[in-house]
Structures are given as C-alpha cells and as structure tokens.
Amino acid sequence: ANGNISVRLSIDLAKLSRYLKAKREETGVDVTLTSIACKAAGMAIKESDGGMLNGHVFHNGFYPSKFEGVDVSVTTEIGDNEIITSKILDADRKPCDYISKELRQRKGDGTVVGGGLRATLRSILPSMLGNKFDDALEGIGAAMGVSIPALGVEAHPMGVCSLLASAPIMRERESEADLSF
C-alpha cells in the first residue's frame, strides 16, 4: 500500500450551479468548485470509519494525525504553466467561502524554502551534499511531522490529503471530476 486513494465524483452541474450562486449571494465571496472539493475531501477523510484515514504514511507505516482537524493541500493554476500549492488547515471544519478566501489570498504567495540559517548551512556544503541536506530536512518535515522554523521546515507541509486536480466542466448538466488524495 502506497497511501494513495483516487476518487471519481459525478456532479449534477445544475444543482452545483444553484448552490454556488446561492453561496455567492449569501456570503459575497466567489465560492468555487475547488473550495467545495477541498471541503468534501476533508469531510470524507474525517468521516471515514471514525477518521481512521486522518494521518500520514511513512516507511510503510500509517501514523494517525495528532490533530482532530483534516489539513488538505490544494494545487491550482495561477498562470500559464505556473501552479501553487496551498495547505488549508482544518478543511473539514471550515465553510466553503472561508476556503475560497484563503485560496485567493495565497495566490502568488510563493513559499520560500529555507530561511537564512538553512541557506547559510547549505552554502557551506558542497552542492551534492547540499541537495542531500535539503532532502533530509524535507523528509523530517513531510514524513516525520517535525517543524523547525529556523531551517524552513514545516510539519506535513502538504496536509493529510492533496487535491491535485478537478476536471473542467464539459456539459451543462453533469460532469465528472477526478480527485487524487
């Protein structure tokens, strides 16, 4: 088991369109399909057999999350051949309009890898070792869930789930979206 689950959703676009329009009028926020998919992924993980999928895979072992909320990363296009990945904390708990606001605020905010101390340490090392140093630090954060802010290491920077793509709307009445998480 590699820890990957793929889901295919059928969407009634007429109902979705009415829901999005109502949410936009109610909140004044441009709620999107991406924010709904993010919320749905968080809720699905949270509700899966008492939240048993809320965790991380590391060295063929599954480690439950220490936190109750489900963090979801969302990768979206922000321009021609440019993407950004944002982690939405507690996606299962937040309303879709909050998620839409967060995603919109993070557009263009590139994550700077490594603070000053990390860059200094890396510059001392030969380039081959510098790459290994970066790989080790990323492994500590992503796989082991350790944060070291001074070195630019964030615990589980991608969250429990990654929303990689949603299909474009093809027809007026129904479409399918492929989600990987």
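In this report, we go over the structure that sits alongside the text.

Here we look at the overall build of the chain
Within the chain, the secondary structure is distributed over five helices and seven strands. Element order for the chain, N to C, with α for helix and β for strand: β-α-α-β-β-β-β-α-α-α-β-β. Per-residue burial over the chain gives 35% buried out of 181 residues. In the chain, the proportion of contacts linking residues at least 24 apart, taken out of those at least 6 apart, comes to 53%. Accessible area for the chain stands at about 11,400 Å²; split by element, carbon and sulfur atoms hold 56% of it.

A few points about the environment of L151
Secondary-structure assignment places L151 in the loop between helix 5 (127–142) and strand 6 (161–163). With 34 residues separating them in the primary sequence, L151 and L117 have C-alpha atoms 5.9 Å apart.

Side note on a nonpolar patch on the surface
Together, L117, L121, I124, L125 and L129 make up an exposed nonpolar region whose accessible area comes to about 430 Å². When residues in the nonpolar patch are grouped by element, the largest group, three residues, is from helix 4 (residues 116–124). Relative to the assigned elements, L117 resides in helix 4.

Observations concerning the nonpolar core
One broad trend across soluble globular proteins is that nonpolar side chains are buried collectively. Counting 12 residues, the largest nonpolar core consists of C38, A41, I45, V70, V72, V74, I88, A91, I99, L103, V160 and C161. Per-element tally for this core: the top contributor is helix 2 (residues 33–47), with three residues. Not counting the four nearest positions on each side in its chain, V70 is found in contact with G42, I45, K46, N54, I88, L89, D90, A91, D92 and V160. In this structure, L16, V31, L33 and I36 belong to the second largest nonpolar core, which totals eight residues.

Quick notes on unusual backbone geometry
A positive phi is found at D90, a non-glycine position, where the angle reads about 55°. Its location among the elements puts D90 in the loop between strand 5 (82–88) and helix 3 (96–106).

Regarding the packing of aromatic side chains
All told, the structure shown has zero aromatic pairs when counted by the stated rule. Its guanidinium or amino end placed over the ring of Y98, K101 lies 5.5 Å from that ring's centre, counting from NZ or CZ.

Considering the pattern of salt bridges
If you walk through the whole model with that rule in mind, you get eight salt bridges. Taking the shortest distance from any N to any O, the salt bridge between D134 and R118 comes out at 3.0 Å. In this pair, D134 is assigned in helix 5 and R118 in helix 4, connecting sequence segments 16 residues apart. The class of D134 is buried, set by a relative accessible area of 17%. Shared partners join several salt bridges into a network, and the residues in it are R24, D30 and R104.

Thresholds applied
- Residues numbered from 1 in each chain as written.
- Predicted model: local features only at pLDDT ≥ 70, side-chain atom pairs only at ≥ 80, totals over all residues.
- Heavy atoms only, no water.
- Helix = DSSP H or I, 4+ residues; strand = E, 2+ residues; numbered from the N terminus.
- Buried < 20%, exposed > 50% of the residue type's maximum accessible area, 1.4 Å probe, protein only.
- Contact = heavy atoms within 4.5 Å.
- Areas by Shrake-Rupley, 256 points an atom, 1.4 Å probe, with all protein chains shown as cover.
- Patch = residues over 30% accessible without salt bridge, like charges linked within 9 Å, V, L, I, M, F, W, Y side chains within 5 Å.
- Salt bridge = Lys/Arg side-chain N within 4 Å of Asp/Glu carboxyl O.
- Core = buried A, V, L, I, M, F, W, Y, C linked by side-chain atoms within 4.5 Å.
- Phe/Tyr/Trp six-rings, centres within 6.5 Å; stacked < 30°, edge-to-face > 60°.
- Lys NZ or Arg CZ within 6 Å of the ring centre and 35° of its normal.

Shape is all these values report; function is a separate question.
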